Amino acid sequence: TLLWEVYKPSGREGGLRSSLIEVAEGLVSVSGADADAVFRRVMRELTSVSEDGSATRRYALLDGFPVASPERALIGRLVAARLAVTDRRDTAPVVCLAHEALLQSWPRVATWLQQESALLRLRDELQRDAHAWDSHARSDGWLGIEPDKLATLGQLEREGMVPGGIAAEYAQRSRRRARRNRLIKRTAVGSIVILGVLSVIAGSIAMHQRDRAVAEATTADRTSQFMVSLFKLADP
């Protein structure tokens, strides 16, 4: 029998929520000097941030944590303590946090979210864009080639936060499409510049030829007048 007194918050910090945080903090501390970095990498995969800024649990592929890595070890400890649970989705093993309280009340999480909630929102936005692209037959018109989308891709790539699968392919195709568009624009601008230079040269040649034609016509007219005047003098 589990008594209500064990779970309800007491006048001081206590109850189930405090117990969960205490256990979780102990599991993270086992990671040693790299505890903060390991915690950050794991929580990035297990947490989503909605557009209103609220943090929620997120399913992550278990294979995304390499075997024998500190991150996989932390996941194992969380699962053993029932603070995380494993499941299968589309035949792939996944893991998620078992308690929303860890995201809502854990001071370590609150500090981390202040630093990285914006990145998490961008990552989740990228994931949504990738699924929209996939649902529209992967049409090039749905790729993220706008400057702000490309800037987001660059930021997430620098942080190592581009999700695998569809999102990674979407990011690669978007960059490739953007490079192609830039090449086309450069080629078009270069062609316009070359055509402009050729037009100026052609215009200059035409003006020169016109001036020459005018000079030749004037010379011919004067020669004709001179010859006529000679004929008049010789035989009026």
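Our structure is the block above this text.
Here is a short report on the structure shown in this document. (Residues numbered from 1 in each chain as written. Predicted model: local features only at pLDDT ≥ 70, side-chain atom pairs only at ≥ 80, totals over all residues. Heavy atoms only, no water.)

1. Focus: the overall build of the chain
This is how it is decided: Where helices and strands are cited, they refer to DSSP runs of H or I of at least four residues and of E of at least two residues respectively, numbered from the N terminus. Throughout, exposure labels follow a simple rule: accessible area from a 1.4 Å probe, protein chains only, divided by the maximum for the residue type, with under 20% read as buried, over 50% as exposed, and the rest as partly exposed. Whether two residues touch is decided by their heavy atoms; if any such pair falls within 4.5 Å, the residues are in contact. Residue burial considers only the protein chains on display, and all accessible areas are found by Shrake-Rupley using a 1.4 Å probe.
The helix and strand inventory of the chain stands at eight helices and five strands. If you list the helices and strands of the chain from N to C, you get α-α-α-β-β-β-α-β-β-α-α-α-α. Scored against the burial criterion, the 236 residues of the chain give a buried share of 28%. A separation threshold of at least 6 residues defines the contact pool for the chain, and within that pool the share at least 24 residues apart is 66%. Working note: accessible area of the chain is about 15,400 Å², and carbon and sulfur atoms make up 57% of it.

2. Describing the layout of surface pockets
Here is the rule: Put simply, the grid is 1 Å and covers the protein atoms alone, a cavity is a trapped set of points that fit a 1.4 Å probe, a pocket is an open set with protein on both sides within 12 Å along at least five of seven lines, and lining residues have an atom within 4 Å of a point. Grid points are joined across faces, edges and corners, and a volume is the space filled by probe spheres set on the points. Three classes are used, and their members are as follows: Ala, Val, Leu, Ile, Met, Phe, Trp, Tyr, Cys and Pro are nonpolar, Asp, Glu, Lys and Arg are charged, and the others, Gly among them, are polar.
The volume enclosed by the largest pocket comes to roughly 870 Å³. What lines the largest pocket is a set of 27 residues, and nearest its centre among them are Arg58, Tyr59, Ala60, Leu61 and Gln127. Of all the secondary structure elements, the ones that give two or more residues to the lining of the largest pocket are helix 3 (35-46), strand 3 (60-61), strand 5 (92-97) and helix 6 (107-135). In the lining of the largest pocket, the residues fall into ten nonpolar, seven polar and ten charged.

3. Here's the deal with helix 7 (residues 147-158)
Where we set the bar: Multiply 1.5 Å by the residue count of a helix minus one, and that product is the helix's expected span.
In a regular helix each residue adds 1.5 Å, so twelve residues correspond to 16 Å; helix 7 covers 17 Å between its end C-alpha atoms and thus fits that length. Among all positions of helix 7, only Leu150, Thr152, Leu153, Gly154 and Leu156 are buried. Where helix 7 terminates, the next one or two residues include Gly160, which has phi positive at roughly 65°.

4. A short note on the nonpolar core
This is how it is decided: Side-chain atoms within 4.5 Å link the members of a nonpolar core, which is a set of buried Ala, Val, Leu, Ile, Met, Phe, Trp, Tyr and Cys residues.
Judged by nonpolar contacts, the single largest core of 45 residues is most densely connected at Val95, Trp106 and Val109. Breaking this core down by element, the ones donating at least two residues are helix 2 (15-29), helix 3, helix 4 (70-80), strand 5, helix 5 (101-105), helix 6, helix 7 and helix 8 (166-234). If one sorts the elements of this core by residue count, helix 6 sits on top with nine residues. Residues contacting Trp106, with those up to four places away along its chain left out, are Ile21, Ala24, Glu25, Val28, Phe39 and Ala101.

5. A short note on the packing of aromatic side chains
This is how the line gets drawn: Side-chain rings of Phe, Tyr and Trp, where Trp is taken by its six-membered ring, are said to pair if the distance between their centres is within 6.5 Å; with planes under 30 degrees apart they count as stacked, over 60 as edge-to-face, and otherwise as tilted. Placement of a charge over a ring requires the Lys NZ or Arg CZ to be within 6 Å of the ring centre, with the centre-to-atom vector within 35 degrees of the ring normal.
Counting across every chain of the model gives three aromatic pairs. With centroids separated by 5.4 Å and ring planes inclined at 75°, the aromatic side chains of Phe39 and Trp106 adopt a geometry described as edge-to-face. Of this pair, Phe39 sits in helix 3 while Trp106 sits in the loop between helix 5 and helix 6; the two residues are 67 residues apart in sequence, bridging distant segments of the chain. Each of the two residues, Phe39 as well as Trp106, counts as buried. A connected cluster of aromatic rings, assembled from ring pairs, spans Phe39, Trp106 and Trp112. Above the face of the Tyr59 ring, Arg89 is positioned so that its terminal group lies 3.7 Å from the ring centre. Over the face of the ring belonging to Phe39 we find Arg108, whose NZ or CZ atom lies 5.4 Å from the ring centre.

Any link to function would need more than the numbers given here.
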